[in-house]
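Residue-level listing of the chains:
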Amino acid sequence: MKIPVLASLAAVLAAGLMLSSCTSADEENTAAGSATPPADAEGNVVVLTTGGTIASTHDEGGAVVPTVSGDELVDSVRDRIGDKVEVEVRQVAELDSSAMTLEDTDTVLTAVADALAGESTTGVVVTHGTDSMEESAVAVDAFLADSRPVVFTGAMRPFDDPDPDGPANLADAINAAVDPANRDRGAFISFGGDLIPARGAYKHHTEAADGFASNAPEDAVRPEALELTSLADVDVRTVAAYPGAPRAVIDAAVVDGARGIVVEGMGAGNVGTDLAAGIMDAVNQGVTVVMTTRVPEGKVEGVYGGAGGAATLFDAGVISSGHFRAAQARILLAAALATDTDPATLLEM
Ligand code: ASP
């Protein structure tokens, strides 16, 4: 479920293709980006920078580390955005996104809320590492009551690469943030020429320039936005199932005080007998358990019985992640626990 960012969304809507699948504009794994900005683009965009490859360069040892300021990033794309688009840069963090914690998620949520508090703001762009972009994007989406778009973007190749993909991605994101057709649709990830709704988006490739895909169904819906609340203190763990996985991995999370556990099951959401016993005990002790799957596409469903079958586990109170995979299910479970919301309402789409 990707939407080519270059296509006029109005045209896409008119064609009835709003949420349908389409091939990336980028067949050869090079970001296409906007050759020219949309002629009628206008508005005020706040660009929040958090680090990631888009803001990184190689150090003396050849490792890639965040070094580039937000102003430098935006300066590199001035000629790819409309003359009538004003951009304000706010540096929020300078992190590799794999190092982010839920405190950092709170920082992003607050920065987005502050940016939207400005009445003249037309839309918000967040530059972010790709490793955990899907988490931050779905967190923002969960708390986004505002109609104005919030568009995440990043890069697979660093700023000092001979052929960086970040500038085209950033220009696309800014142009998407001022596009009225993107209002009332929540948060997005703009990447490699595609504009993908945050819910259901995931990094599907470690290197390709169009590294994001979506597992959302065509008729996906967004739940009502939650009231902004801190996620930092909500302890939600992810546990991977595999053939023969011992219940000790679940027990350890429970003993450690986890309030929620996302189990990455096999197939449509099934686990082995020993792990299932641990899950049942966790549920009985008041821990909220969500079942997702290690399979990239499709829905988690209670098809199979038996000790570790999802049908059995759902009867015992385990909640299906639906189309969400572990990364986003964990954030939505944390948001549900933080706001006293039934997780199932956030996981439906
Ligand atoms: N490790 C980097 C990060 O997530 C990867 C990237 O930005 O593409 O920050």
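Relevant structure appears above.
In this report, the structure presented in the accompanying data block is examined.

About the thresholds
Residues numbered from 1 in each chain as written. Predicted model: local features only at pLDDT ≥ 70, side-chain atom pairs only at ≥ 80, totals over all residues. Heavy atoms only, no water. Buried < 20%, exposed > 50% of the residue type's maximum accessible area, 1.4 Å probe, protein only. Helix = DSSP H or I, 4+ residues; strand = E, 2+ residues; numbered from the N terminus. Pairing = 2+ DSSP bridges. Salt bridge = Lys/Arg side-chain N within 4 Å of Asp/Glu carboxyl O. Near = heavy atom within 4 Å. Polar contact = N/O pair within 3.5 Å; in protein donor to acceptor, adjacent residues only side chain to side chain. Areas by Shrake-Rupley, 256 points an atom, 1.4 Å probe, with all protein chains shown as cover. Nonpolar A, V, L, I, M, F, W, Y, C, P; charged D, E, K, R; others polar. Axes fitted to C-alpha atoms, helices over the stretch in contact; angles between N-to-C directions. Parallel < 35°, antiparallel > 145°, perpendicular 65-115°, else oblique. Left-handed = near helix turned anticlockwise from the far one by under 90°. Contact = heavy atoms within 4.5 Å. Right-handed = clockwise from strand over helix to strand, strands pointing away.

## Section: the pairing of strand S8 (residues 187-191)
- Counting buried positions over the five residues of S8 gives five, a clear majority of the element.
- Burial of the side chains of S8 extends over both faces: Ala187, Ile189 and Phe191 are buried on one face and Phe188 and Ser190 on the other.
- The sheet contact formed by strand S7 (residues 150-153) and S8 spans three bridges and is parallel. Paired with Val150 across the bridge in S8 is Ala187.
- For S8 and strand S9 (residues 194-197), the ladder comprises four bridges, and the chain directions are antiparallel. Within S9, the residue paired with Phe188 across the bridge is Pro197.

## Here we look at the environment of Ala213
- Mapping Ala213 onto the fold places it in strand S11 (residues 212-214).
- Assessed through its relative accessible area of 12%, Ala213 is described here as buried.
- Taking the C-alpha atoms as reference points, Ala213 and Gly200, 13 residues apart in sequence, are found 8.3 Å from one another.

## Some thoughts on the pattern of salt bridges
- By the definition in use, this model includes 10 salt bridges.
- Between Arg78 and Asp75 there is a salt bridge; the shortest N-O distance is 3.9 Å.
- Two residues, Arg157 and Asp163, come together in a salt bridge whose shortest N-O distance is 3.7 Å.
- When its relative accessible area of 43% is taken as the criterion, Asp163 is described as partly exposed.
- Sharing partners across several salt bridges, the network here consists of Asp235, Arg237 and Asp256.

## Quick notes on the site of the ligand
- The ligand sits among Gly52, Thr53, Asp96, Ser97, Gly129, Thr130, Asp131 and Ala155.
- A distance of 2.4 Å separates an oxygen atom of the ligand from a polar atom in the side chain of Thr130.
- Protein coverage of the free-state accessible area of the ligand, which is 260 Å², stands at 90%.
- Counted by class, the shell around the ligand contains one nonpolar, five polar and two charged residues.

## Structural notes on the packing of helix H3 (residues 102-117) against helix H4 (residues 133-143)
- Following both chains from N to C, one finds H3 and H4 inclined at 50°, their axes separated by 10 Å at the closest point. One element, H3, and the other, H4, form an angle in the oblique class. Note that H3 runs across H4; the crossing there is right-handed. Contacts between H3 and H4 involve Thr105, Val108, Leu109 and Val112 from the former and Ala139, Val140 and Phe143 from the latter.
- For the contact of H3 with H4, a count of residues per class yields six nonpolar, one polar and no charged.

## Re the packing of H4 against helix H9 (residues 326-339)
- One way to put it is that H4 packs onto H9 with a least axis distance of 9 Å and a crossing angle of 35°. In this structure, H4 meets H9 at a crossing whose hand is right-handed. Here Glu134, Glu135, Val138, Ala139, Ala142 and Phe143 of H4 come into contact with H9, specifically with Ala327, Gln328, Ile331, Leu332, Ala335 and Thr339.

## A word on the pairing of strand S14 (residues 288-293)
- With six of six residues buried, S14 lies mostly within the body of the structure.
- Of the two faces of S14, the one lined by Thr288, Val290 and Thr292 and the one lined by Val289, Met291 and Thr293 are each fully buried.
- Summarising the sheet, strand S13 (residues 260-265) and S14 pair through six bridges and their orientation is parallel. If you follow Val263 over to S14, its bridge partner there is Met291.
- Regarding topology, helix H7 (residues 273-284) serves as the crossover connection from S13 to the parallel S14, and that connection is right-handed.
- Each parallel crossover has a hand, and for S14 linked through helix H8 (residues 310-315) to strand S15 (residues 319-320) it is right-handed.

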